[in-house]
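What the coordinates show
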2 protein chains.
Amino acid sequence: MTPASLLGAASARRRLCGAALGLALARAGAVRAQADPLPSWAEGPAKARIVAFVRAATTSGSGGFVPPAERIAVFDNDGTLWAEQPAYVQFFFAIDRVRALAPRHPEWQRTQPFRAALEGDLAALAAGGEQALLQIVMATHAGTTPQEFQEIVRDWLATARHPRFGRPFTELVYQPMLELLAYLRTHNFKTYIVSGGGIEFLRAWAEPVYGIPPEQVVGSSIKTRYELRAGVPTIVRLPQIDFIDDGAGKPVGIERHIGRRPVAAFGNSDGDFEMLEWVSAGAGPRLAVLVHHDDAVREYAYDRHSSVGRLARGLDEGPRRGWTIVGMKSDWRTIFPPATR
Amino acid sequence: MTPASLLGAASARRRLCGAALGLALARAGAVRAQADPLPSWAEGPAKARIVAFVRAATTSGSGGFVPPAERIAVFDNDGTLWAEQPAYVQFFFAIDRVRALAPRHPEWQRTQPFRAALEGDLAALAAGGEQALLQIVMATHAGTTPQEFQEIVRDWLATARHPRFGRPFTELVYQPMLELLAYLRTHNFKTYIVSGGGIEFLRAWAEPVYGIPPEQVVGSSIKTRYELRAGVPTIVRLPQIDFIDDGAGKPVGIERHIGRRPVAAFGNSDGDFEMLEWVSAGAGPRLAVLVHHDDAVREYAYDRHSSVGRLARGLDEGPRRGWTIVGMKSDWRTIFPPATR
């Protein structure tokens with residue numbers, strides 16, 4: 001990718017429309033089949049609990065009624081709304097950014113972790129741990145405005161493909177979750193993303209793909225500064241971590257952005273544990289759901305021993321805490337929306 | 001105030017209903033008098049520009065049309081939505097908190113700036129500058145959960161009175177601005193507070209008083225931490241500044257929380273300059289408004305030489321930047337809503 005690709009936002013937006021179409025179809029489906037707003041969910045206890053929660057929440061006088069202003073539902077993104085294997089999508093993006101920016105940084109050929117990224121040496125990258133990843137994110141995600149950064153993300157998403165499925169990442173969103181988002185919004189829930197991923201990375205595409213506007217995205221962030229650049233008011237992204245929205249950071253991010261406790265939370269890994277714990281501990285009816293990746297044929301099967309999206313504590317403690325475990329293999333009739341091209 | 005007053009939230013909420021009633025009346029007024037949604041605004045250029053902007057923004061096909069998702073309007077609070085003289089309301093609150101907490105802090109009798117606060121020595125406090133104020137805020141605003149803190153704020157608001165007007169601070173909101181908030185929302189604008197004041201201080205009362213929910217409040221903040229306290233999931237407020245939402249911090253706070261540039265901004269001091277500048281610099285139709293406090297009889301008259309709400313650069317540069325200056329004396333028929341008790 002070259003700086004000229006900054007100009008390609010319009011075409012990137014057109015290409016994102018494929019994903020938007022998937023969402024529109026999900027919405028249309030939800031409206032048409034009023035008897036079943038969640039057609040991609042198999043009949044079973046998980047679906048039954050979700051539907052019962054929403055029915056009670058929206059039935060005035062029911063014990064589970066939730067006033068509309070308090071109908072806040074929070075969703076993790078990676079592994080909950082879209083695929084996170086074999087690596088986080090933002091990780092693929094960061095590696096590609098290192099490659100795109102390498103001509104301006106000849107020193108990266110000799111410096112880790114950049115050299116590993118340039119050589120596609122994932123083992124060496126992994127050996128560098130979180131520190132190596134942070135270095136790469138700082139070097140590749142800062143220096144632009146949020147708007148420029150989002151255009152770079154959209155351009156990348158328009159051409160990048162998943163290594164196994166060969167499809168754009170924005171098509172590897174979970175059809176049952178698109179239906180669930182639409183179903184909740186139909187019942188006046190405000191749907192938020194609360195992700196460990198970068199807030200501006202998510203904002204670049206969350207609205208066309210999920211119907212979630214920028215102001216309802218909570219994520220990890222780097223610091224920014226307001227300044228005049230040649231007289232033009234500009235917000236600049238700085239190479240400094242501002243906030244990590246993961247684990248115990250998720251309730252903090254929720255309080256910071258939303259300022260009240262959600263009544264429903266959806267996650268898939270132990271990084272979502274505290275979010276589900278925080279939501280579940282509120283008074284009144286609560287819905288806490290973990291997606292369990294147990295379908296190696298249609299997607300991936302992983303939990304306790306995965307470095308990406310590890311899920312152990314949630315499996316052990318979730319059921320006795322009243323959390324719903326969704327098995328992708330048995331609870332989801334479809335995994336991904338149909339290909340749009 | 002004693003810790004027992006933490007239990008008084010329900011009664012505080014009832015008392016806040018007076019302010020909520022004012023808002024309801026403003027809303028009802030806006031619906032009934034369709035010919036004039038802003039009855040407390042005198043006919044004149046300021047009102048005409050506001051109405052023209054909203055009409056164009058909501059008229060499909062007009063050059064000034066704004067798609068509903070982009071109808072974001074941001075409001076400063078102190079001096080824009082409610083009175084900020086002779087001192088910020090949160091300052092009165094902090095002083096009272098020092099008094100309430102003093103029995104637990106005998107050392108405050110001998111330590112500045114606490115001694116000055118206890119003795120009501122505003123000159124000594126002012127001499128300590130921003131550092132003294134931050135010390136007081138850290139000492140009095142941390143250590144609780146956001147929910148406990150908000151209950152303390154609501155209890156205080158229920159009994160505190162403005163030194164000149166003798167009315168609750170939540171009744172010293174500007175009736176023309178209540179009408180404007182309702183008018184904008186009627187036209188599908190999302191209204192946000194973007195204040196230098198504390199985010200949780202504002203969230204304690206912004207919804208009943210202004211109809212602005214917690215998730216649409218942006219403000220200064222201290223850090224928080226998620227932890228289990230005797231097994232109970234808890235968010236704890238820490239004595240560390242997280243973010244100062246003032247001046248050049250306001251566009252940063254807007255990007256952080258909202259993630260897109262608003263189309264309308266309302267302020268009253270040079271602390272709002274960068275917010276109006278940022279909003280005005282966007283493409284397409286924009287509305288930037290400064291409230292000028294020029295009515296010593298009904299409220300206060302201050303601008304260039306005030307330590308609270310200083311307005312100089314905005315007066316000098318605003319008009320040639322296309323910003324609208326609202327003169328309270330001539331543009332507002334009414335300042336405050338009628339007393340509710």
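Above: the structure in question.
A brief look at the structure comes next. Quick caveat, the model's predicted, so the values are computed rather than measured.

Definitions and limits used
- Residues numbered from 1 in each chain as written.
- Chains lettered and ligands numbered in written order.
- Predicted model: local features only at pLDDT ≥ 70, side-chain atom pairs only at ≥ 80, totals over all residues.
- Heavy atoms only, no water.
- Core = buried A, V, L, I, M, F, W, Y, C linked by side-chain atoms within 4.5 Å.
- Buried < 20%, exposed > 50% of the residue type's maximum accessible area, 1.4 Å probe, protein only.
- Helix = DSSP H or I, 4+ residues; strand = E, 2+ residues; numbered from the N terminus.
- Contact = heavy atoms within 4.5 Å.
- Axes fitted to C-alpha atoms, helices over the stretch in contact; angles between N-to-C directions.
- Parallel < 35°, antiparallel > 145°, perpendicular 65-115°, else oblique.
- Left-handed = near helix turned anticlockwise from the far one by under 90°.
- Pairing = 2+ DSSP bridges.
- Least-squares fit on C-alpha atoms with pLDDT ≥ 70 in both.
- Buried area = accessible area lost by both parts, 1.4 Å probe.
- Salt bridge = Lys/Arg side-chain N within 4 Å of Asp/Glu carboxyl O.
- Polar contact = N/O pair within 3.5 Å; in protein donor to acceptor, adjacent residues only side chain to side chain.
- Phe/Tyr/Trp six-rings, centres within 6.5 Å; stacked < 30°, edge-to-face > 60°.
- Lys NZ or Arg CZ within 6 Å of the ring centre and 35° of its normal.

Across soluble globular proteins, you tend to see nonpolar side chains buried next to one another. Residue and element names in this part refer to chain B. Counting 69 residues, the largest nonpolar core has Phe75, Met177, Leu180, Trp205, Tyr210, Phe266 and Trp332 as the members making the most contacts within it. When residues in this core are grouped by element, the largest group, eight residues, is from helix 3 (residues 89-101). Non-local contacts of leucine 180, meaning those with residues more than four positions away in its chain, are made with Leu38, Trp41, Ile50, Phe75 and Phe266.

Before going further, it helps to examine the packing of helix 3 (residues 89-101) of chain A against helix 6 (residues 129-141) of chain A. All names here are of chain A. Running from N to C, helix 3 and helix 6 cross one another at 60°; their axes reach a closest spacing of 9 Å. Relative to helix 6, the element helix 3 lies oblique. Like other packed secondary-structure pairs, helix 3 and helix 6 cross with a definite hand, here left-handed. Contact residues: helix 3 offers Gln90, Phe91, Phe93, Ala94, Arg97, Val98 and Leu101, while helix 6 offers Leu133, Ile136, Ala139, Thr140 and His141.

Looking now at the sheet that holds strand 6 (residues 287-292) of chain A. All names here are of chain A. Taken together, seven strands build an open sheet; the order of strands is 4-3-2-1-5-6-7 and the sheet is mixed. The open sheet has two edge strands with one neighbour each: strand 4 (232-243) and strand 7 (324-327). With strand direction ignored, the average angle separating the axes of adjacent strands in the sheet is 35°. Here three bridges tie strand 2 (residues 190-198) to strand 3 (residues 217-229), and the two strands are oriented parallel to one another. Across the sheet, isoleucine 193 pairs through a bridge with valine 217, a residue of strand 3.

Quick look at the relation of the copies chain B and chain A now. The two copies are related by a screw motion: chain B maps onto chain A through a turn of 180° and a shift of 0.0 Å along the axis, at an RMSD of 0.0 Å. On this basis, the relationship between the two copies can be described by a two-fold rotation axis. Within chain B, B:His257 has its C-alpha nearest the rotation axis, a separation of 3.2 Å. When the interface residues of chain B are mapped onto chain A, 100% of them again lie at the interface, so the same face is used by both copies.

The next thing to look at is the sheet that holds strand 1 (residues 72-75) of chain B. Strand pairing within a sheet occurs via backbone hydrogen bonds; the two strands may be parallel or antiparallel. Residues and elements named next belong to chain B. If you walk across this open sheet you meet the seven strands as 4-3-2-1-5-6-7, and the pairing is mixed. Either end of the sheet is taken by a strand with one partner, and the two such strands are strand 4 (232-243) and strand 7 (324-327). For this sheet, the mean inter-axis angle between neighbouring strands, taken without regard to orientation, is 35°.

Moving on to the interface of chain B and chain A. Each partner contributes to the interface: chain B provides 35 residues, whereas chain A provides 35 residues. For the pairing of chain B and chain A, the buried interface totals around 2,900 Å² over both sides, and the portion due to carbon and sulfur atoms is 50%. Summed over the shared surface of chain B and chain A, the number is eight salt bridges. Residue A:Asp242 is joined to B:Arg256 by a salt bridge in which the shortest nitrogen-to-oxygen separation is 3.4 Å. If you look at where chain B meets chain A, you find 16 residue pairs in polar contact (both at pLDDT 80 or more). Residue assignment for the side of chain B that touches chain A shows that the elements contributing at least two residues are helix 7 (146-159), strand 2 (190-198), helix 9 (199-203), strand 3 (217-229), strand 4, helix 11 (249-257) and helix 12 (273-280) of chain B. When residues in the side of chain B that touches chain A are grouped by element, the largest group, five residues, is from helix 11 of chain B.

Looking now at the packing of aromatic side chains. On inspection of all chains with the given rule, the structure shows 34 aromatic pairs over all chains. Aromatic side chains A:Trp278 and B:Tyr226 sit 6.1 Å apart centroid to centroid with 90° between the ring planes, which places their arrangement in the edge-to-face category. On the criterion of chain membership, the pair formed by A:Trp278 in helix 12 (residues 273-280) and B:Tyr226 in strand 3 is interchain, its members lying in two chains. Each of the two residues, A:Trp278 as well as B:Tyr226, counts as buried. Ring-pair connections join several aromatic residues into one group, and the members of that group are A:Trp41, A:Phe165, A:Tyr174, A:Tyr300, A:Trp332 and A:Phe336. Between B:Arg261 and the ring centre of B:Trp278, over which it is positioned, the NZ or CZ distance is 3.6 Å.

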